[in-house]
Each structure stands twice: as structure tokens, then as C-alpha cells.
Amino acid sequence: MNVTSSTRMTPPAQVADVSECGPPQVRTVLDRAEAERRAALMKALADPVRLQLLSIITGSPRRESCVCDMTEAVEVSQPTVSHHLKTLVDAGILRRERRGTWAWFRLDPDILPEVQSFLE
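Below you will find a few notes about this structure. (Residues numbered from 1 in each chain as written. Predicted model: local features only at pLDDT ≥ 70, side-chain atom pairs only at ≥ 80, totals over all residues. Heavy atoms only, no water.)

The subject of this paragraph is the pattern of salt bridges. Taken as a whole, this structure holds 10 salt bridges when the rule is applied. In this structure, the salt-bridge partner of Arg38 is Glu34, at a minimum N-O distance of 2.9 Å. With a gap of 4 residues between them, Arg38 and Glu34 both fall in helix H1 (residues 32-45), about one helical turn apart. As far as burial versus exposure is concerned, Arg38 and Glu34 are alike and both buried. A salt bridge links Glu64 to Arg106, with the nearest nitrogen and oxygen atoms 2.4 Å apart. Note that Glu64 is positioned in strand S3 (residues 64-66) and Arg106 in strand S5 (residues 102-107), a separation of 42 residues in sequence. (Salt bridge = Lys/Arg side-chain N within 4 Å of Asp/Glu carboxyl O. Helix = DSSP H or I, 4+ residues; strand = E, 2+ residues; numbered from the N terminus. Buried < 20%, exposed > 50% of the residue type's maximum accessible area, 1.4 Å probe, protein only.)

Let us look at the packing of aromatic side chains. Scanning all chains against the criterion turns up 0 aromatic pairs. The ring of Trp104 carries the charged tip of Arg99 above its face, separated from the ring centre by 4.6 Å. (Phe/Tyr/Trp six-rings, centres within 6.5 Å; stacked < 30°, edge-to-face > 60°. Lys NZ or Arg CZ within 6 Å of the ring centre and 35° of its normal.)

It is worth spelling out unusual backbone geometry at this point. Despite not being glycine, Arg63 shows a phi value in the positive range, around 55°. Mapped onto the secondary structure, Arg63 falls in the loop between helix H2 (48-59) and S3. Arg63 sits in the partly exposed class, given a relative accessible area of 42%. Here Glu75, not a glycine, exhibits a phi torsion of approximately 55°, which is positive.

The next point concerns the side chain of His84. Positionally, His84 belongs in helix H4 (residues 78-90). Relative accessible area serves as the criterion here: at 9%, His84 is assigned to the buried category. Non-local contacts of His84, meaning those with residues more than four positions away in its chain, are made with Asp47, Val49, Arg50 and Leu53. (Contact = heavy atoms within 4.5 Å.)

On to the packing of H1 against helix H5 (residues 111-118), then. Viewed as axis vectors pointing N to C, H1 and H5 meet at an angle of 110°, and their least axial separation amounts to 11 Å. Considering their axes alone, H1 and H5 lie roughly perpendicular with respect to each other. Counted together, Arg37, Arg38, Leu41, Met42 and Leu45 of H1 and Ile111, Glu114, Val115 and Phe118 of H5 form the full contact between these two elements. Taken together, the residues of the contact of H1 with H5 sort by class into 6 nonpolar, no polar and 3 charged. (Axes fitted to C-alpha atoms, helices over the stretch in contact; angles between N-to-C directions. Parallel < 35°, antiparallel > 145°, perpendicular 65-115°, else oblique. Nonpolar A, V, L, I, M, F, W, Y, C, P; charged D, E, K, R; others polar.)

In this section: the pairing of S5. Consecutive side chains along a regular strand alternate between the two faces of the sheet. Only one face of S5 is buried: it carries Ala103, Phe105 and Leu107, and the other face, with Trp102, Trp104 and Arg106, is open. Pairing of strand S4 (residues 94-99) with S5, which is carried by 6 bridges, proceeds in the antiparallel orientation. Paired with Arg95 across the two strands is Arg106, which belongs to S5. Where S4 hands over to S5, the hairpin turn is made up of 2 residues, of which Gly100 adopts a positive phi near 65°. (Pairing = 2+ DSSP bridges.)

Have a look at this one:
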């Protein structure tokens, strides 16, 4: 899953809503590309193993974790953990850093405010 290279939201468009129940009102509607980008991001988050991995990373003292420390905690194979971490990186949720032979992951600091804004 690959979210567009830009992780910035596009503002929703204002459109008139014509109703038989009263005067036209202005509603906010996302354009299709932005809706698809947000859906891809939310889809990346909508997996129990990925949520477990995020909880490990955000719960660690330095808010980062090595892939070697996550496999046992989520009780799936290392290739499966790597697949889920790649999905989170591709979605722009995590950042990956190589340190020797291991990959370390941390939350992208810009992502939480963006996800919170989806819910407003």
C-alpha cells in the first residue's frame, strides 16, 4: 500500500447542498483523491498486529523500537512483522532507520495531528 508522496492534507471543498427542506446550505466535501489518501492511511492503521506494533513503539522510552524486539511480543513470525512495518512505513505512519544489521522504527511526528484532524 503506497500513499501519495505528499503527506499533507488537501483542504475539503465547499459545495452547496440543495434541499427541499430549506434554503441551500454549504457543506464540506473531500475531493476523491484526498478521500482515497485518507482511506489508505486509515486502512494501514486498521490491523490488530499493526496496532500492537505501534503500541510497542510509542510505549518505549525513546519512542522507537528495533524489529528484533517486536517479533516475540506480537507472536507472529519475523517476516510477518517486517511486512506490517513496511505497510506502516509506506503509509507514512512510521519512519525506518538502519543501524547496523537491524532496522529501527519510530512514529512520524506529523502523522498524529493529521489522523486526529480526520476525526474532527
